[in-house]
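Spelled out, the chains give:
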Amino acid sequence: EIRMWRLRLRAVKAQKQLTDVDPNEPVFKLYKRVSEILAEPVDSFSILAGVPPKALESSNEALNTTHVINCDTLVVRSTAITTKRAPVRRAPAQPKQPAAPSLLDVAATAAEQHMDHADGIDRLGSLLAKATDAQAEANVVMASLRSKMTNELRVREQERLAQQRLQAAIANDFTMAPSTSQTLAARVPALDVTFKVGPRKTFTEQFTPFPPTLLRMVITGIAKDPDARENLRGFNMALMSPRVFWNVVRTSGGGDPEGALMELCPNLNWTFLEARQRELSEKALENERQAAAEAAELAEANALKAQLKAEREERKLARAAAKRAKQQQGPAGKSAKVQATDN
């Protein structure tokens, strides 16, 4: 019987658990499955796997003959090539009426009005599209502006969600229950956590519960890295790795996640949590986010591999003990049988 694999998919548009992955199937079928999930052509992205991540080429080669192993994380990167438009030849500038608002004024006004709306990204994109139709000569500039503003809104939404996670944990205003969307082939039953994101709105997300030993290994690996340990602050942990965040909260049953960290790993030096975090530029913050996320991913992968290795060693020792016991029972059983025959 073939044991199915479980892989974690990490892409810009989605993060998903891939279950029932046949390790004997060719790699191109994995590409096809990822293409269906992302709703993108197969030739528009590439897949990286392993620690450190290495390219996994689409081929007829079986998945279990590559460097991919069970429970690996697949990182999806876009390979689409964007072409620059030819510069627009403009006529000599003509005097304009000062009363007409400029395109940048329209964009800035739209951003201010829709920055805090839940559907602000779509509404802002629609308004900017209309503005560019009115002034076609600024299409190239507006395309770049629209992309940057959309990305900024997404970052703000993720930060807002992280803050709501943290508030729910501190106030103990959340619920955890076995996931109803998990397949029977999953190795570890997942949990669904639900918390408030508005007066009448809740948000539910899924995470895999870690054994305490594995969680301590992850936390210790991050805490010992001076560049990555800032990721263990309450807000940063809720933003960078909701899985680790909810596992830490789960160990304490709710409350301050930083206090739960100190109780979980009391032998570590937690004085850095009391120090004020230095202010960084937007670019430095983004670099720090990426580095912290990669460090957390690496620590989780190493801890999981260590756990799998320990389980293999434990099974190996159990088989050896059973074999020795069987060998010892053999002569004794034979002697007892002969004695019974004599009687």
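Residues numbered from 1 in each chain as written. Predicted model: local features only at pLDDT ≥ 70, side-chain atom pairs only at ≥ 80, totals over all residues. Heavy atoms only, no water.

Colleague: Go over the environment of Leu63, please, and point to the residues and values.
Modeller: With respect to the helices, strands and loops of the structure, Leu63 is situated in the loop between strand E4 (54-56) and strand E5 (73-78). Given the relative accessible area of 2%, Leu63 is considered buried. Counting along the chain gives 39 residues from Leu63 to Asn24, while the straight-line C-alpha distance between them is 5.9 Å. What Leu63 contacts, discounting residues up to four positions off in sequence, is Trp5, Leu7, Val21, Asp22, Pro23, Glu25, Val27, Leu30, Leu56 and Val68. (Helix = DSSP H or I, 4+ residues; strand = E, 2+ residues; numbered from the N terminus. Buried < 20%, exposed > 50% of the residue type's maximum accessible area, 1.4 Å probe, protein only. Contact = heavy atoms within 4.5 Å.)

Colleague: Now, about the pattern of salt bridges: what can you tell me, with residues and values included?
Modeller: The full count for this structure, using the stated rule, is 4 salt bridges. Of the charged contacts in the structure, one is a salt bridge between Arg156 and Glu152, with a shortest N-O distance of 2.5 Å. One end of the pair is Arg156 and the other is Glu152, both in helix H4 (residues 139-170) and 4 residues apart, which spans about a single turn. A salt bridge links Glu159 to Arg156, with the nearest nitrogen and oxygen atoms 3.3 Å apart. Separated by 3 residues within a single helix, Glu159 and Arg156 lie in helix H4, roughly one turn from each other. Residue classification places Arg156 among the partly exposed positions, given a relative accessible area of 29%. When salt bridges that share partners are traced, they join Glu152, Arg156 and Glu159 into one network. (Salt bridge = Lys/Arg side-chain N within 4 Å of Asp/Glu carboxyl O.)

Colleague: Residue-level account of the packing of helix H7 (residues 242-252) against helix H8 (residues 257-264), with values.
Modeller: Where H7 contacts H8, the axes come no closer than 9 Å and their chain directions differ by 70°. Judged on the interaxial angle alone, H8 and H7 are roughly perpendicular. Across the interface between the two elements, Phe245, Val248, Val249, Thr251 and Ser252 of H7 pack against Pro257, Ala260, Leu261 and Leu264 of H8. Class assignment of the residues belonging to the contact of H7 with H8 gives a composition of 7 nonpolar, 2 polar and no charged. (Axes fitted to C-alpha atoms, helices over the stretch in contact; angles between N-to-C directions. Parallel < 35°, antiparallel > 145°, perpendicular 65-115°, else oblique. Nonpolar A, V, L, I, M, F, W, Y, C, P; charged D, E, K, R; others polar.)

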